[in-house]
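Tertiary structure, described
In case you want the letters, here they are:
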Amino acid sequence: MPQLLGTLIMIGMLISTSGRAATVLVTGADRGLGLEFVRQYAARGDAVIATCRSPAKATELQALAHGSSLIAIEKLDVNSDEDIRMLAARYHGKPIDILINNAGITGNKADNTLGSFSRQAFNDVMNTNVYGALALSQALLSNVLASDTKKIIAVTSGAGQVRALPKMPQIPLYYSISKAALNLAMRALGTELAPQGAIVGLVGPGSVDTDMYATAQTDYKFEMKPITKAESIHGMIAAIDVLDQAKAAEGVRNYNGSVSAW
């Protein structure tokens, strides 16, 4: 599988570099899926604006960007209106082909399950996972519309599918609710922006071997076998590449080519 995946990534690089390189902005780019998005987009020749809350502490991202003219690291906490404003000002007038809203949190089990609810903890998860994506999409909308591709993407989760909740003894309620809300938010945004040529879509990563998966496994006894970050991101990038308004309206485009209901 690793050898096949490497071949597929190389093919993607050849396809990308034979045409016009894209500019991609990724949130939560210092670890997990975000870091792998940066790695694979840069590997195929696209320019990547990699954002995270604490660039100075993002050692893996810094190492990846070292000596690369394709990766720019920017400070961004999606919960900070000031960070969003400053990022938008810094890139004023710069076309952004693909905006990937990847940053997200699960929340702590201690206040995320029945019997221990916390209003503040709920607000923290919703603010990061839903409002953060909306606020950044709004702030960078002119950048996206100035591009040829005009794509706004959000990374969702099967935990947000109302009719197909994961089979776990307990459900991380705040996280699940936030992903369901994100699905609706992006769908509504897509409807509103369609007349301007924008494509707003949701991609599903599957169960991936990340720190978030490890937390779900420990705290919620989630037992689905994970795939690698490289496989997940390769599949999602392929889905994003062919995404148009019609495909985006059908539902969540998963890493494996399947489509899930909202």
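Everything quoted here is computed from the prediction, not taken from an experiment.

On the secondary structure map, asparagine 183 appears in helix α7 (residues 173–193). Residues in contact with asparagine 183, not counting those within four places in the same chain, are Thr156, Gly160, Leu202 and Trp262.

All right, on to the packing of helix α5 (residues 119–139) against α7 then. With their axes 9 Å apart at the nearest point, α5 and α7 run at an angle of 20° to one another. As the angle between them shows, α5 and α7 are arranged roughly parallel. In this structure, α5 meets α7 at a crossing whose hand is right-handed. Along its contact with α5, which presents Ala121, Phe122, Val125, Met126, Asn129, Val130, Ala133, Leu134 and Ser137, the element α7 presents Tyr174, Tyr175, Ile177, Ser178, Ala181, Leu182, Ala185, Met186 and Leu189.

We now examine the packing of aromatic side chains. One pass over the structure, following the stated rule, counts 3 aromatic pairs. With a centroid separation of 6.2 Å and an interplanar angle of 15°, the aromatic rings of phenylalanine 37 and tyrosine 41 are classed as stacked. In this pair, phenylalanine 37 and tyrosine 41 both sit in helix α2 (residues 32–43), 4 residues apart, roughly one turn of the helix. For phenylalanine 37, a relative accessible area of 0% translates into the label buried. Ring pairs connect the aromatic residues Phe117, Phe122 and Tyr174, which therefore count as one cluster.

Criteria and thresholds
Position numbers for residues count from 1 along each chain, tracking the sequence in the order it is written. Reporting in this predicted model follows two pLDDT cut-offs: at least 70 for local features of residues, and 80 or more for side-chain atom pairs to be given and counted; totals over whole chains, interfaces and linings ignore these cut-offs and use all residues. Hydrogens and water are ignored here; the side-chain numbers use all heavy atoms of the structure. For the purposes of this entry, the term helix denotes a DSSP run of H or I that reaches at least four residues, the term strand denotes a run of E that reaches at least two, and both are numbered from the N terminus. Two residues qualify as a contact provided that any one of their heavy atoms is within 4.5 Å of a heavy atom in the partner residue. Axis definition: a line fitted to C-alpha atoms, over the contacting stretch in the case of helices. Angles run 0 to 180 degrees between N-to-C directions. Each angle is binned into one of four classes, with values under 35 degrees roughly parallel, values over 145 roughly antiparallel, values of 65 to 115 roughly perpendicular, and all other values oblique. Crossing handedness: left-handed means the near helix sits turned counterclockwise from the far one by under a right angle, and right-handed means the same turn made clockwise. Stacked, edge-to-face and tilted labels apply to pairs of Phe, Tyr and Trp rings (six-membered ring for Trp) whose centres lie within 6.5 Å, assigned for plane angles under 30 degrees, over 60, and everything in between, in that order. The buried label goes to any residue with under 20% of its type's maximum accessible area, the exposed label to any with over 50%, and the partly exposed label to all in between, with areas taken from a 1.4 Å probe on protein chains only.

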